[in-house]
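These are the residues of each chain, in order.
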Amino acid sequence: MASTKVHVLAVPVAAQGHISPMIHLCKFIAQDPSFTISVVNIDSLHDEFIKHWAALEEIRLHSIPFSWKVPRGVDAHVVRNLGDWFAAAARELPGGLEDLIRKLGEEGDPVSCIVSDYFCDWTQDVADVFGIPRVILWPGTAAWTSLEYHIPELLEKDHIFPSRGRASADEANSVIIDYVRGVKPLRLADVPTYLQGDEVWKEICIKRSPVVKRARWVLVNSFYDLEAPSFDFMASELGPRFIPAGPLFLLDNSRKNVVLRPENEDCLHWMDAQERGSVLYISFGSIAVLSVEQFEELAGALEASKKPFLWVIRPELVVGGHSNESYNGFCERTKNQGFIVSWAPQLRVLAHPSMGAFLTHCGWNSVQESIANGIPMLGWPYGGEQNTNCKFIVEDWKIGVRFSKTVVQGLIERGEIEAGIRKVMDSEEGKKMKERVENLKILARKAMDKENGKSFRGLQGWLEDLKVMKLVRE
């Protein structure tokens, strides 16, 4: 006897920043008794996942084989070899997913719908094989969806994957791109950095761009009041099923993200002892890495700033490891000023009353979590679309500052870092940033209001559509 429930199969990209919103969405779906929810990870990640996720009994976990092994999720090595990674995924993963869907059907638990990350575009073909809908979870801003949607035009104008090689710094800062609809004009330097690269990756990006049109729904982990023109444009192209669905983490009362590494909660007790609004939190997310020189400059700036700081230093953060002698000296000199952890319970850190500002790599989860907690930012992007997010923070929303270079463009000296910290935390301009981000915090939380929040209502409408579709198919 086949199950009467709507069975949603979730397929995230194997990266911390992509898994977190997917799991928040899955937990939300699992609250509705009409649904069964299964999450499919690649095998190496699945094995790590089950160690940390005793709390998810209502969500079933499955794995499919993949030749790349990333127990902690995508890392800097994968990011440097995106073309190879995604080509391998498109080659190896569809067969494993088809086998799993067949097996679930034979066991009387047929899959009704695939919800997959935008970057798992190969899942659309798998959904088509079984005649079931694919729903896209977009793990970033609506503006970013428009940039991806405009890949054909960006290519035609030679603004991405340029035929003459990468643009000079002067050109990247002076060329203005003003034809991406729903997005304010931006410099070439603000176009996502991953839209450069080798032929393999270029072909994958070109092939991926139009697949969005085949999805039944696109759920965007952002909120309408933050970027209405982008939502309006994309909905005009794709129809009313392109919807704001964020901030997804606000659906999850546990205030916990997916963790693929142990969190140090001692930092919360340390924060309890700090003055209100005084702490600078520094985290470069799960992937970014720094040179030894850059690490030392940042450490010097933190010490000179005299601000209480909470710094996340993953074991692999510094390429080649940091110099023990200077690091130990830094720790000794700042033992009453700062607190260092290898991974932090970020949602609870950002919600803490002593939080003052966030020095971030501008991954979208970090940015949106900061906004929804009313925390201004210092943007220091590393890769992906983080440079684009940083432009929005500084120019469009005016809730933070950025440095003169990204992490990969070269050394930022301690004087510039310290000046950025003081601007956000001590200046009149910093006070205005704080006021603006406090206003956005109210709008972010309003979007997830259970009575009439636009994102919340949209998600409920989506679940109702899935229920109706199952009835129709039966």
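Each value, and the rule that gives it
Residues numbered from 1 in each chain as written. Predicted model: local features only at pLDDT ≥ 70, side-chain atom pairs only at ≥ 80, totals over all residues. Heavy atoms only, no water. Helix = DSSP H or I, 4+ residues; strand = E, 2+ residues; numbered from the N terminus. Buried < 20%, exposed > 50% of the residue type's maximum accessible area, 1.4 Å probe, protein only. Polar contact = N/O pair within 3.5 Å; in protein donor to acceptor, adjacent residues only side chain to side chain. Axes fitted to C-alpha atoms, helices over the stretch in contact; angles between N-to-C directions. Parallel < 35°, antiparallel > 145°, perpendicular 65-115°, else oblique. Contact = heavy atoms within 4.5 Å. 1 Å grid on protein atoms, 1.4 Å probe; cavity = no way out; pocket = protein on both sides within 12 Å on 5 of 7 lines; lining within 4 Å. Points joined across faces, edges and corners; volume = space filled by probe spheres on them. Nonpolar A, V, L, I, M, F, W, Y, C, P; charged D, E, K, R; others polar. Patch = residues over 30% accessible without salt bridge, like charges linked within 9 Å, V, L, I, M, F, W, Y side chains within 5 Å. Areas by Shrake-Rupley, 256 points an atom, 1.4 Å probe, with all protein chains shown as cover. Salt bridge = Lys/Arg side-chain N within 4 Å of Asp/Glu carboxyl O. Lys, Arg positive; Asp, Glu negative; His and termini not counted. Charge placed at Lys NZ, Arg CZ, Asp CG, Glu CD.

How should the side chain of Asp 109 be read in this particular structure?
Summarising the element assignment, Asp 109 is placed in the loop between α4 (82-106) and β4 (113-117). For Asp 109, a relative accessible area of 10% translates into the label buried. Of note is the side chain of Asp 109, whose polar atom sits 2.3 Å from the side chain of Arg 60.

How should I be thinking about the packing of helix α17 (residues 414-426) against helix α18 (residues 428-447) in this particular structure?
The axes of two packed helices give the description: the angle between them and the distance between them. Orientation of α17 relative to α18, taken along the N-to-C sense of each, is 60 degrees, at an axis distance of 5 Å. Considered as vectors, α17 and α18 are oriented oblique to each other. Contacts between α17 and α18 involve Lys 423, Val 424 and Asp 426 from the first element and Glu 428, Glu 429, Gly 430 and Met 433 from the second.

Just checking my understanding: could you explain empty space enclosed by the protein for this structure?
Which parts of space are left empty comes out when a probe the size of a water molecule is rolled across the atoms. One pass over the full model with this rule turns up four cavities of 30 Å³ or more. Along the wall of the largest cavity there are 16 residues; nearest its centre are Pro 12, Ala 14, Ile 42, Leu 93 and Cys 120. Ranked by residues supplied to the lining of the largest cavity, first place goes to α4 with four residues. Per-class residue counts for the lining of the largest cavity are 15 nonpolar, one polar and no charged.

Looking at this structure, I do not really get a positive patch on the surface. What am I missing?
Together, Lys 184, Lys 398, Lys 432 and Arg 436 make up a positively charged patch on the protein surface. Tracing the backbone through its elements, the reader meets Lys 184 in the loop between β6 (176-177) and β7 (186-187).

What am I meant to see in the layout of surface pockets here?
Within this model, the second largest pocket holds a volume of roughly 440 Å³. Together, 23 residues line the second largest pocket, and Gly 277, Met 355, Gly 356, Ile 375 and Lys 434 are the ones closest to its centre. When contributions to the lining of the second largest pocket are tallied by element, the ones reaching two or more residues are β13 (355-360), α17 and α18. With five residues, the single largest contributor to the lining of the second largest pocket is α18. In the lining of the second largest pocket, the residues fall into nine nonpolar, seven polar and seven charged.

Nothing here speaks to function; it is all geometry.
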